[in-house]
Amino acid sequence: MWFDKADQRCLFGDQRSETIVVTDRSHREDGTRTLVIEPDMLMDFRALPFPEASFWHVAFDPPHLQRAGPRSWLAAKYGKLGADWRDDMRLGFTECFRVLKPNGTLIFKWNETHIKVKEVLACTPHKPLYGQVSGRTGMTHWLAFIKPAPKEAP
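The rules behind each value
Residues numbered from 1 in each chain as written. Predicted model: local features only at pLDDT ≥ 70, side-chain atom pairs only at ≥ 80, totals over all residues. Heavy atoms only, no water. Helix = DSSP H or I, 4+ residues; strand = E, 2+ residues; numbered from the N terminus. Buried < 20%, exposed > 50% of the residue type's maximum accessible area, 1.4 Å probe, protein only. Contact = heavy atoms within 4.5 Å. Areas by Shrake-Rupley, 256 points an atom, 1.4 Å probe, with all protein chains shown as cover. Lys, Arg positive; Asp, Glu negative; His and termini not counted. Charge placed at Lys NZ, Arg CZ, Asp CG, Glu CD. Phe/Tyr/Trp six-rings, centres within 6.5 Å; stacked < 30°, edge-to-face > 60°. Salt bridge = Lys/Arg side-chain N within 4 Å of Asp/Glu carboxyl O. Expected span 1.5 Å × (residues − 1). Core = buried A, V, L, I, M, F, W, Y, C linked by side-chain atoms within 4.5 Å. Pairing = 2+ DSSP bridges. Axes fitted to C-alpha atoms, helices over the stretch in contact; angles between N-to-C directions.

**Q** Would you mind showing me how to read the overall build of the protein chain here?
**A** Helix and strand counts for the protein chain stand at three helices and eight strands. What you see in the protein chain, going N to C, is helices and strands ordered as β-β-β-β-β-α-α-β-α-β-β. Taking the principal axes of the C-alpha coordinates as reference, the protein chain spans close to 70 × 35 × 25 Å. Taken over 154 residues, the protein chain has a buried fraction of 34%. In the protein chain, the share of contacts with a sequence separation of at least 24, taken over all contacts with a separation of at least 6, comes to 65%. Element-wise, carbon and sulfur atoms account for 54% of the exposed surface of the protein chain, whose accessible area totals about 10100 Å². Here the protein chain carries 22 positive and 19 negative side-chain charges, and the mean point of each set is 5 Å from the other.

As structure tokens, this is what we get:
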């Protein structure tokens, strides 16, 4: 998603840091692909290690696959959802909005390979402001949210 992962304005977090070789017959002559996952910081999107209202902008790109084989390169690259994915997504959205400053933006990326975006959006009370569908099959959704500012007392 990032044009330059080394850009100092970006902090890439993931729960894993690893280099793995996976089967991908479409990639190289030997049928493998090497994936390098090197986050700036190890973290879990369900419990972000930042104080409340830390960021003006958050990009949330959680795993979207429910089913994938044990040697799947897609699962290796993007991760895989657990059986309790709805709870995970509720916690993820809650954390994203918690670390956003008032009027900050959340960009949410979701691919509908296994789960419709409507089902995922049911995991948060916040409504997206706008979005875009992309990808070869039109299944990737990019949605923008703005964190509400606290209401002032009259």
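**Q** Hey, could you run me through the packing of aromatic side chains in this one?
**A** The description of two aromatic rings rests on the distance between their centres and on the angle between their planes. Using the criterion set out here, one finds eight aromatic pairs in the structure. Taking 5.0 Å as the distance between ring centres and 90 degrees as the angle between the ring planes, the aromatic pair formed by Phe 50 and Phe 55 counts as edge-to-face. Look at Phe 50 and you get buried, because its relative accessible area is 16%. Overall, Phe 55 belongs to the partly exposed group, its relative accessible area being 25%.

**Q** What is the right way to read the pattern of salt bridges from this model?
**A** Two side chains bearing opposite charge may form a pair once their charged atoms approach each other closely. Applying the stated criterion to the full structure yields nine salt bridges. Note that Asp 7 and Arg 9 form a salt bridge whose closest N and O atoms lie 2.6 Å from each other. Assessed through its relative accessible area of 21%, Asp 7 is described here as partly exposed. Two residues, Glu 18 and Arg 16, come together in a salt bridge whose shortest N-O distance is 3.2 Å. With a relative accessible area of 30%, Glu 18 lands in the partly exposed category.

**Q** Explain helix 2 (residues 85-99) to me, please; I cannot follow it from the model alone.
**A** Side chains of residues three or four places apart in an α-helix project in the same direction, reflecting 3.6 residues per turn. Helix length check: helix 2, at 15 residues, gives a terminal C-alpha distance of 21 Å against a target of 21 Å (1.5 Å per residue), a fit within 8%. Inspection of helix 2 places Trp 85, Asp 88, Met 89, Gly 92, Phe 93, Glu 95, Cys 96, Phe 97 and Val 99 among the buried residues, and these make up the whole buried set. Looking at the buried positions of helix 2, the neighbouring elements they touch are strand 5 (55-60), strand 6 (100-111), helix 3 (117-121) and strand 8 (140-146).

**Q** Looking at this model, I keep getting lost on the nonpolar core. Mind explaining?
**A** Across soluble globular proteins, you tend to see nonpolar side chains buried next to one another. With 23 residues, the main nonpolar core has Met 89, Phe 93, Leu 106, Phe 108, Trp 110, Val 120 and Phe 145 as its most contacted residues. At six residues, helix 2 tops the list of elements feeding residues into this core.

**Q** What am I meant to see in the sheet that holds strand 5 here?
**A** What holds strands together in a sheet is hydrogen bonding between their backbones, with the strands either parallel or antiparallel. Taking strand neighbours across the sheet as the criterion, the four strands line up as 5-6-8-7 in an open arrangement whose pairing is mixed. Each of the sheet's edge strands pairs with one partner strand only, and the pair in question is strand 5 and strand 7 (130-134). Strand-to-strand twist across the sheet, computed as the mean angle between neighbouring axes with direction ignored, equals 10 degrees. Along the sheet, helix 2 contacts strand 5, strand 6 and strand 8; its crossing angle with strand 6, the most-contacted strand, is approximately 145 degrees.

Remember, this is a structural readout, not a statement about activity or role.
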